[in-house]
Amino acid sequence: MGFPSSKWISNLLFCCFFAGIGCNSVEKKIYLHLNYTFPCVRLLNATHQIGCQSSMSGNVGVLHVLESEENLDWVLSSGPNPPYMVILDAPLFTRSVMMKLKSSSGRVAGVAVVAPNTNPAESFSPHTTCPNENTGVYSETYGPAMANCNMTLWNPLGSGLSYEEFDFPIFSLKDDNDTRVIRQCYLDHNQAVNNSTARYPLCAMELYSHMFAVTDTATCMRRNDISFSISQDMVCDPLGDYNVWGSTRPINNTVKGHKMWENVVIAAARLDSRSFFYDIAPGGESGVSGFVTLLAAAHALRNATQEAQPNRTIVYAFFQGETFDYIGSSRMVYDMQNKQFPLDLDNIHSVLEIGQVGLRADSRLWLHTDPVSRRNDSINQEVEELIKNLHLAATNLSVTPVAPTVSQPLPPSSFQRFLRAQLIPGVVLEDHQSAYVNRFYESMYDNAENLNVFYPSDLTPEEQLKFITASAKALTEVATLVARTLYRQAGGAESLLSSISADPQIVTQLLYGFLVRPNNSWFQELVPSDFTSHLSDGPLNMYVGAFQQPSEPTLLVQYLLANLTGSTVNVTQEDCQNQREDKDDKDSKHMYTYVWVQGAVPPNSTERNGFCVRSSVRLAKAVSPAFELRQYTTSEYSTWTESRWKSIKGRMFLVASHELEMLTLGVGIGVLLTSLLLTYVISAKADILFSSGREPTNATY
């Protein structure tokens, strides 16, 4: 037999091509892939693992829509077709329900929570009742009576659900067309009628979120070392990001350690938040309210500190990873102690931290101090002076600073990490006297709605950006209080305090940008051109994430702080990007940072007028010292890591009965054997079946 003709090969390839297309279309007809899925992922620390995961091949279960907690019996015992993929609405996503599902002995394949488009009426906080209780300042050796929230339970609504381990996947689904299709599929195929058993085919779902890391951080970091030496594949990463910091006077960043004659007041806020689900952590009250207030205060101080520089330098510090045992603040303290930061702890005069300040029920703003350090007379004197400056700054404002009437510990705050290293005077501003007023602490509902950021329905996105909400007005008052207090605390003249005021337009644009739509005209003007692709049309995710590169929130705060506190310099784009003011300038980079931002689009033009911003704003690594020291079982520092995974996905399909599946398998095997037999027979008789007459070699035409 000769070689097949080129025409025959072309026909074969043509058939294979269309067979592939046919297979693809069949796959689409079988499966409905879920959009907007947000999983629960696995996290690990020194002692254990938390979170969720699927099996290596994904978890498959028959759909069951849970109508009420009483309906759980169907899933846990009486349902005839386990395992089940449980679909539940947000009100049923409680610790009681989830712990029952967790103990279901293999009858639950996974859970999908339908997230509502508006916040629920019930409170929901999956965090613990005592956040960061093991890594704060209070311990057996420092205020033991106040350790472990013995005196004050800060988050009494906390269920601790985020710190449980589940051996099945848990996804959050957006309440949209996909969830309507899921419910309809359940009604059409799975819902029992008159207590009768539903007939096949049944509606089923597959969730895939297999995690690579197991046990604890020490185990996964050891496996990282082994895996990297063999294949460079890692199984987990330390949680971390970068802190953002800046100062009212330029500080030489090249020379680390103590600065003679430098005395600084630290104004601090946390950047991060979290929720039960990965990628949904808006952090409206828990984080955004505080750092937006500090950004607005820094802007209000720009002119005052340039025109009448106070004796002390104000350092603005925005800490990342505070949710996970104070990653950012503990790293800054560690760097200060080890001469890896341009300042040390002895350079710090005092600390003013802005915590949760967005949900004030009245005019009162609570001033929290540490009763243990105040037993020291000099510390107590400085704290009293700071409180006095707060009251002075509140003159003619609608904010009333009030100290708690009872002796109580500091709430969870970055300031605790500074106190853990050295006694420093400080005050933490909060909107609560004792327990949090935030009903959705560290949850996906701590969003713009929770912070009461609302807009009239007839406004365009551009009009919403500029609309001054009631929340923005309230935070502007707090920002003004903070700015005036910092100026006075730094040694500024009392007579100038009344001239320092935060801008409500800045505050409302910041709230809109972080909680509603980062991709807005104002943010676009203040960032470099290569960052605009990272500006999304939805709320930012404030979860710290695995340490790789600066996150979007971190970079945004860096650019915003630079614009709000820095100045425009007339240099070329090339010089700006090379951190200099001209080609001969070799010194400015030690004192300043330069960033070329896009600028606005002039009328009747399509190109932006970019410009160079010079500021003292810098990034500092926010990774726990435990990973620098390779002390993965330490209790001194955060040891949180995030597992790696291959892919996250979910899909829905109809599943046939076991009998039909076996019949289909049997028929398939029969067809396979028959085709093999036919192939063998045809191959053996090919010379007879496919022979063709050959022309004689001496044929002539």
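Residues numbered from 1 in each chain as written. Predicted model: local features only at pLDDT ≥ 70, side-chain atom pairs only at ≥ 80, totals over all residues. Heavy atoms only, no water.

> Explain the sheet that holds strand β10 (residues 202–208) here, please?
The strands making up a sheet associate through hydrogen bonds between their backbones, and the pairing can be parallel or antiparallel. Pairing in this open sheet of eight strands is mixed, and the strands run β1-β24-β10-β5-β6-β7-β9-β2 from one edge to the other. Bordering the open sheet on either side are β1 (32–33) and β2 (37–39), each of which pairs with just one other strand. Bridging between strand β6 (residues 84–89) and strand β7 (residues 108–115) involves six bridges; their strand directions are parallel. The residue of β7 that forms the bridge with I87 is A112. (Pairing = 2+ DSSP bridges. Helix = DSSP H or I, 4+ residues; strand = E, 2+ residues; numbered from the N terminus.)

> Would you explain the sheet that holds strand β21 (residues 611–615) in this entry?
Strand order in this open sheet of three strands is β19-β21-β20, and the pairing throughout is antiparallel. With partners counted over all chains shown, the strands left at the sheet margins are β19 (567–569) and β20 (593–597), one partner each. Taken over all neighbouring pairs, the strand axes of this sheet differ in orientation by 40° on average, direction set aside. Sheet topology places β20 next to β21; five bridges connect them, and they run antiparallel. Among the inter-strand pairings, T593 is bridged to a residue of β21, identified as S615. Most of the contacts of helix α14 (residues 552–565) go to β21, to which it runs at about 85°, and overall it touches β20 and β21. (Axes fitted to C-alpha atoms, helices over the stretch in contact; angles between N-to-C directions. Contact = heavy atoms within 4.5 Å.)

> Would you explain the packing of helix α11 (residues 470–489) against helix α12 (residues 504–515) in this entry?
Each pair of packed helices can be summarised by the angle the axes make with each other and by the distance between the axes. Put simply, α11 and α12 touch, their axes get as near as 8 Å, and they point 120° apart. Judged on the interaxial angle alone, α12 and α11 are oblique. The element α11 and its partner α12 pack so that their crossing is right-handed. Residue-level contacts link S471, A472, L475 and T476 of α11 to P504, V507, T508 and L511 of α12. The class makeup of the residues in the contact of α11 with α12 is five nonpolar, three polar and no charged. (Parallel < 35°, antiparallel > 145°, perpendicular 65-115°, else oblique. Left-handed = near helix turned anticlockwise from the far one by under 90°. Nonpolar A, V, L, I, M, F, W, Y, C, P; charged D, E, K, R; others polar.)

> Where do I start with the layout of surface pockets in this structure?
It is the rolling of a water-molecule-sized probe over the atoms that shows where space remains empty. Estimated volume of the second largest pocket: approximately 430 Å³. Lining the second largest pocket are 22 residues, with N45, H48, N134, D325 and W640 sitting closest to its centre. Among the residues making up the lining of the second largest pocket, the classes are represented as seven nonpolar, 13 polar and two charged. (1 Å grid on protein atoms, 1.4 Å probe; cavity = no way out; pocket = protein on both sides within 12 Å on 5 of 7 lines; lining within 4 Å. Points joined across faces, edges and corners; volume = space filled by probe spheres on them.)

> What am I meant to see in empty space enclosed by the protein here?
Enumeration according to the criterion identifies four cavities of 30 Å³ or more in this entry. If you go around the largest cavity, you meet 20 residues; those closest to its centre are R270, P412, S413, Y436 and Y441. Of all elements in the fold, only β15 (348–354) and β18 (426–430) reach the threshold of two or more residues within the lining of the largest cavity. For the lining of the largest cavity, a count of residues per class yields seven nonpolar, eight polar and five charged.

> Which parts of the structure should I look at to understand the pairing of strand β4 (residues 49–52)?
Side-chain direction in a regular strand flips from residue to residue, so the side chains alternate between the two faces of the sheet. Burial of the side chains of β4 extends over both faces: Q49 and G51 are buried on one face and I50 and C52 on the other. One ladder, built from two bridges, connects strand β3 (residues 43–44) with β4; its direction is antiparallel. Looking across to β4, one finds that L44 is bridged to Q49. A loop of four residues connects β3 with β4, the two strands running antiparallel in sequence. Across two bridges, β4 lies against strand β8 (residues 165–166) in parallel orientation. Within the sheet, the bridge partner assigned to C52 lies in β8 and is F166. (Buried < 20%, exposed > 50% of the residue type's maximum accessible area, 1.4 Å probe, protein only.)

> Explain the pattern of salt bridges here, please?
Side chains bearing opposite charge may pair, as long as their charged atoms lie close to each other. Applying the stated rule across the entire model yields 20 salt bridges. A salt bridge links D89 to R183; its shortest N-O distance comes to 2.5 Å. Of the two residues, D89 sits in strand β6 while R183 sits in helix α4 (residues 177–189), which places them 94 residues apart along the sequence. One salt bridge connects D537 with R517, and the closest N-O pair in it is separated by 3.4 Å. Note that D537 is positioned in the loop between α13 (521–525) and α14 and R517 in the loop between α12 and α13, a separation of 20 residues in sequence. Of the residues examined, R517 reaches a relative accessible area of 26% and is grouped as partly exposed. Several salt bridges share partner residues, and in doing so they unite R331, D335, K621 and E628 into one network. (Salt bridge = Lys/Arg side-chain N within 4 Å of Asp/Glu carboxyl O.)

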